[in-house]
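The lines below spell out each chain.
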Amino acid sequence: NQLTTIMISHHHHQNCCQKKETWHQPPSSPTKENNMRLNWYAMADLLSSLSVLRNIPQNKSRSSSPRNGYLQVLMRVKEEEDGNNGIAATITSLFHDTIQCLAWDNKVTSSFIRCIGSRRLIRDLLHPLVIAATQQQRESEEVSRWDESNFDDDNNTDDDYPLNSEKNLHHLMAVASEYLGSPSSLAKVSAADLSIALWSLTQIYQPSRSHHQKLQSYRSFIKACMKRLRKRSVISPARGCDITLAIRSVERLLGLLDREDDDNDDESPLQPFQDILSLPLKLPGEEDMLDSYIPSLQTNTYGTLPPPTTAQNDGLAVADDLRSEAVTMFHTLVNELLFQPPGGNAQIKLRSLSLQQVADILQTAVALNVSRDDLQTATIEVLDYLMSDPFVLDQTYSCRDISRTLLSLQRLRVGTGIYNLDLEKSGVQRLGARFLEIVDRQSKGRTRGKCDPKTLTTVVRSGVLMFPRSESKSILNAASILIRDDTIPVDVSDHNDVIFVDYGVTVPFLERCNDYELSWLLWTFAISRRFDKNVQNVFIALTDQILENISDDSFTASSASRVMWSTSVLLSMDEAGDQHDGRHIDLFHQLSPILLSSHLSPTDLSCAMYAIAKTNYVFDRGVFDFLAEELASDESLEHANTRLISQAVWACGKMAEFEDPIMSSTESLVASQEDAAPNQPPYLNNVYKMLTFLIRNKAHMTPKHVAETIWAAFGRLSISDQYYLEELSGIAARVAPQCNSREIANIVWGLSKVDYADDPQLICTLVRVITNSNLKQKCTSQEAANCIYALGRLGVRDQELFSALSSIIKNQIHDANSQAIANSLWGHDVVGLPAPPELLSVWARDTLGMDTYSAKYD
């Protein structure tokens with residue numbers, strides 16, 4: 001009561017009482033014994049002040065102002081003196097009394113809203129309602145000051161039924177939005193006010209909060225705000241931060257609306273506000289305007305529901321219309337951010353934004369599916385801003401803002417060079433360097449921000465997808481620091497994503513990671529092709545933690561496939577050596593059964609097959625057979641692509657040597673499917689289905705896909721079906737000009753293994769791609785020897801080709817191994833061409849130990 005008296009005396013405005021007779025005697029709260037009558041402006045000030053005071057005890061942020069800190073101390077002392085019924089409880093009680101007074105009936109609410117006007121309505125009503133909704137989320141039980149005993153049945157009609165605290169908030173919000181959505185009200189508000197109004201909706205109507213009111217009822221208001229924000233006279237004086245807040249708020253509202261649409265698919269359509277209002281939602285004197293603005297708002301709480309409106313039956317069309325309006329507004333506001341003010345050195349508004357606000361813009365562009373062509377200028381300006389202004393990143397202490405920025409840039413296809421490749425590289429490098437600085441400070445105990453596993457996973461995945469090599473070095477170094485850190489303070493986050501850190505409790509970073517995050521972290525190091533000593537320690541730490549997490553029975557099949565693929569890639573690198581050779585066996589042995597437990601995507605199936613084949617893991621061959629059968633199913637092939645299927649065919653070819661000793665013998669070749677039947681691998685029929693898929697989609701096959709497929713299908717699996725030979729050889733002829741030397745060698749080797757003699761000229765054409773181009777300088781001795789072997793096996797006696805290929809081997813004589821020399825000698829001998837004598841000398845020296853090597857080759 002003392003606080004109320006102070007607020008009344010401090011904020012009494014007599015001007016309000018002189019405007020209209022209706023406002024001379026505002027209603028009093030029926031629960032107050034003294035029946036103090038409050039001026040509407042004083043009521044608005046009281047509501048605003050109480051909301052701030054009410055939120056102070058929960059505001060634990062270190063960035064709180066000295067005033068808030070002082071008030072926190074005073075309120076804490078008073079709370080200790082008075083116990084549970086102290087000052088905080090009094091403020092909360094008075095706040096809800098004020099809300100109840102304003103929401104008593106529509107006449108009272110309308111009078112209050114019309115009096116204080118549009119701008120104060122946003123500042124002094126919507127913002128307190130946001131704080132109230134936030135506070136209710138924290139409370140374990142709904143706060144309600146009203147029940148049946150507060151009412152005198154003689155003084156209340158059936159329509160004046162008691163409203164609880166939550167319904168009061170949404171009642172005020174509903175009436176306020178209708179008033180603000182009218183053209184006359186919108187004309188009085190600025191872009192800053194509109195952005196705050198839209199932001200307030202996003203904070204009050206979040207899915208995590210329990211309320212009956214739906215955001216769908218505010219579509220008209222949201223659309224009206226977006227149209228208002230497209231006016232040049234409105235946005236021209238607006239600050240960059242106000243424009244960004246509006247952009248981000250609209251994107252969030254569309255997401256919430258889409259989520260409500262999904263939740264309501266199986267529910268009966270409800271009229272707007274039918275759960276909370278007992279009176280028609282109309283402001284005095286505005287009946288005609290509201291009837292045309294939003295139809296059918298009169299509801300009867302105790303009667304039957306009226307039939308659904310056309311807009312409810314056609315929700316998809318309404319949603320598309322709202323999204324289209326949002327895209328138009330986005331372009332208008334972004335153009336304003338990029339607009340160069342006339343004269344002097346005035347900078348564009350974009351360069352006044354923080355990284356968080358830049359991330360908001362980019363994230364909205366992604367969510368709205370804005371065309372990358374339309375974003376060309378904006379994306380270049382953002383990247384240039386990140387490069388040229390060190391202040392924007394130096395003042396960034398949030399890993400989450402960096403992760404949102406990188407994720408949005410990656411989804412906008414930064415890294416492909418469609419904007420400016422040098423600028424793209426520099427921008428990502430700058431973000432990565434700042435991320436490393438923040439993480440490094442954290443590891444040394446000087447952090448103002450925290451990086452959780454989800455944020456780290458987003459950062460490294462996005463960075464590596466854009467630039468998998470040196471440009472992501474800082475990001476991967478930061479990941480290495482966190483992965484090996486076992487003293488990470490525990491994070492405690494509230495629903496507003498404000499992170500507080502308890503430095504007294506620490507836990508190893510990896511123990512806070514789930515299987516999804518662990519698998520993606522390992523994947524990023526595999527994609528970057530880094531396996532130095534530092535990464536080897538990271539690899540050991542990650543795989544150890546994965547083995548621990550497998551025992552929790554929560555490891556998904558998709559994560560298992562990703563771990564297996566990443567492990568196979570890392571262990572196949574030269575830097576891996578032999579020290580980790582057996583590490584994958586235990587890991588794969590525990591992950592393989594998980595692959596049988598659920599339906600996998602074509603990507604997961606193909607990558608798991610590749611991993612098993614690449615590491616020669618033969619202990620669970622039944623799992624490989626299952627994966628091949630699943631991938632060859634009609635459902636999987638329908639969602640697959642040529643890259644995944646050609647990779648799977650390669651894996652089948654690689655695994656064939658473990659199926660039967662006869663299959664692995666280079667001397668025993670199967671000439672037909674009938675001959676292969678007794679020893680054919682169980683997945684051979686699945687390979688036929690995969691080959692059919694590849695032929696059907698041959699237009700999408702790259703040289704790598706073709707080389708992998710022919711090497712495996714013909715060279716390893718000895719498939720000699722004429723249909724597949726003709727089709728795949730034709731595809732090989734088409735892609736030959738784009739092939740590298742390795743791909744040419746694999747193609748001709750594979751064709752030679754099934755004695756492909758239908759078109760000898762094709763073999764010569766393929767080999768000449770190497771001998772008649774710059775590929776001759778890049779061709780290795782092993783690749784040249786394989787070509788000679790293929791020519792000899794197919795009986796192609798071409799002196800020019802043999803001489804050119806032999807010269808490649810002679811130029812790399814010190815790098816050639818015995819197998820390459822033997823294949824080359826054998827090929828010359830089969831077609832009756834003399835082999836260069838130095839090739840025989842090297843073979844004799846290395847294989848037989850004979851000292852016949854000429855000194856001129858030393």
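Just so we're clear, the structure is a prediction, and the values are computed from it rather than from any experiment. (Residues numbered from 1 in each chain as written. Predicted model: local features only at pLDDT ≥ 70, side-chain atom pairs only at ≥ 80, totals over all residues. Heavy atoms only, no water.)

Let us look at the overall build of the protein chain. The helix and strand tally for the protein chain stands at 42 helices and two strands. When burial is assessed residue by residue, the protein chain has 51% of its 858 residues classed as buried. A fraction of 79% describes how many contacts in the protein chain between residues 6 or more apart in sequence connect residues 24 or more apart. When the accessible surface of the protein chain is totalled, it reaches about 39100 Å², and 47% of it is carbon and sulfur. (Helix = DSSP H or I, 4+ residues; strand = E, 2+ residues; numbered from the N terminus. Buried < 20%, exposed > 50% of the residue type's maximum accessible area, 1.4 Å probe, protein only. Contact = heavy atoms within 4.5 Å. Areas by Shrake-Rupley, 256 points an atom, 1.4 Å probe, with all protein chains shown as cover.)

Close inspection of predicted coordinates is inappropriate for parts of the model with low pLDDT. Within the protein chain, residue pLDDT values average 77, and 72% of them lie at 70 or more. Long-range and interchain partners of residues 491-504, a stretch whose pLDDT sits below 50, account for 34 contacts in this model, where long-range means more than four residues apart. (pLDDT = per-residue confidence, 0-100.)

Moving on: helix α28 (residues 621-631). Every buried residue of α28 is listed here: Val623, Phe624, Leu627, Ala628 and Leu631. An end-on view of α28 places all buried positions within 135° of arc, on one side of the element. On its buried side, α28 packs onto α27 (602-614), α29 (634-638), α30 (642-655) and α33 (684-696). (Arc of directions from axis to C-beta.)

With 241 residues, the main nonpolar core has Phe714 and Ile719 as its most contacted residues. Element by element, the count of residues in this core is highest for helix α6 (residues 106-138), at 11 residues. When neighbours within four sequence positions are excluded, Ile719 is seen to be in contact with Leu684, Val687, Tyr688, Leu691, Ala713, Phe714, Tyr724 and Val754. (Core = buried A, V, L, I, M, F, W, Y, C linked by side-chain atoms within 4.5 Å.)

The next thing to look at is the packing of helix α17 (residues 376-388) against helix α20 (residues 421-443). In contact at an axis separation of 9 Å, α17 and α20 are set at 50° when each is read in the N-to-C sense. Regarding the angle of α17 to α20, the classification is oblique. Where α17 crosses over α20, the two elements pack in a sense that is left-handed. Contacts between α17 and α20 involve Ile380, Leu383, Asp384, Leu386 and Met387 on the former and, on the latter, Leu423, Glu424, Ser426, Gly427, Arg430 and Leu431. (Axes fitted to C-alpha atoms, helices over the stretch in contact; angles between N-to-C directions. Parallel < 35°, antiparallel > 145°, perpendicular 65-115°, else oblique. Left-handed = near helix turned anticlockwise from the far one by under 90°.)

This brings us to a negative patch on the surface. A cluster of acidic residues, Glu511, Glu548, Asp552 and Asp553, forms a negative patch at the surface. The residue Glu548 is located in helix α24 (residues 533-550) in this model. (Patch = residues over 30% accessible without salt bridge, like charges linked within 9 Å, V, L, I, M, F, W, Y side chains within 5 Å. Salt bridge = Lys/Arg side-chain N within 4 Å of Asp/Glu carboxyl O. Lys, Arg positive; Asp, Glu negative; His and termini not counted. Charge placed at Lys NZ, Arg CZ, Asp CG, Glu CD.)

Moving on, we get to the packing of aromatic side chains. Scanning the model with the defined rule gives 13 aromatic pairs in all. A ring pair is formed by Trp40 and Phe112, whose centres lie 5.5 Å apart and whose planes are at 65°; its orientation type is edge-to-face. With Trp40 in helix α3 (residues 40-55) and Phe112 in helix α6, the pair connects residues that are 72 residues apart, well separated along the chain. With centroids separated by 6.2 Å and ring planes inclined at 70°, the aromatic side chains of Tyr516 and Trp520 adopt a geometry described as edge-to-face. (Phe/Tyr/Trp six-rings, centres within 6.5 Å; stacked < 30°, edge-to-face > 60°.)

As a further point, take the pattern of salt bridges. Summed over the entire model, instances satisfying the criterion amount to 24 salt bridges. Close ionic contact of Glu336 with Lys349 constitutes a salt bridge, the shortest N to O distance being 2.7 Å. Of this pair, Glu336 sits in helix α15 (residues 315-338) while Lys349 sits in the loop between α15 and α16 (355-367); the two residues are 13 residues apart in sequence, bridging distant segments of the chain. In terms of burial, Glu336 and Lys349 fall into one category: buried.

One non-glycine residue, Arg413, adopts positive backbone phi at about 70°. For Arg413, a relative accessible area of 38% translates into the label partly exposed. At Ser718, a position not held by glycine, the phi torsion is positive, near 55°. Look at Ser718 and you get buried, because its relative accessible area is 11%.

Glancing now at the side chain of Ser741. Mapping Ser741 onto the fold places it in helix α36 (residues 741-753). Assessed through its relative accessible area of 6%, Ser741 is described here as buried. Look past the residues within four positions of Ser741 in its chain and what remains in contact with it is Ile770, Leu775, Lys778, Cys779 and Glu783.

Relative to the helices and strands, Asp360 resides in helix α16. A polar side-chain atom of Asp360 sits 2.2 Å from a polar atom in the side chain of Arg404. Ignoring any residue separated from it by four or fewer positions in sequence, one finds Asp360 in contact with Thr244, Arg248 and Arg404. (Polar contact = N/O pair within 3.5 Å; in protein donor to acceptor, adjacent residues only side chain to side chain.)

For the pair α27 and α30, the least separation of the axes is 8 Å and the interaxial angle reads 30°. What the angle tells us is that α27 and α30 run roughly parallel. In terms of crossing hand, the pair formed by α27 and α30 is left-handed. Residues Pro602, Thr603, Ser606, Cys607, Met609, Tyr610, Ile612, Ala613 and Lys614 of α27 pack against Leu644, Gln647, Ala648, Trp650, Ala651, Cys652, Lys654 and Met655 of α30. Of the residues contributing to the contact of α27 with α30, the split by class is 12 nonpolar, three polar and two charged. (Nonpolar A, V, L, I, M, F, W, Y, C, P; charged D, E, K, R; others polar.)

A cluster of like positive charges, contributed by Arg469, Arg529, Lys614, Arg643, Lys704 and Arg742, occupies part of the molecular surface. By the secondary structure assignment, Lys614 is in helix α27.

A few words on the environment of Asn686. Counting through the fold element by element, Asn686 comes out in helix α33. For Asn686, a relative accessible area of 14% puts it in the buried group. Residues Asn686 and Ala628, spaced 58 residues apart in sequence, show a C-alpha to C-alpha distance of 6.5 Å. Not counting residues up to four positions away in its chain, the partners in contact with Asn686 are Ala628, Glu629 and Ala632.

Further remarks concern the environment of Val831. One can find Val831 in helix α41 (residues 818-831). In this structure, the C-alpha to C-alpha distance between Val831 and Gln799, residues 32 residues apart in sequence, is 9.8 Å. Not counting residues up to four positions away in its chain, the partners in contact with Val831 are Leu791, Gly792, Gly795, Val796, Arg797 and Phe802.

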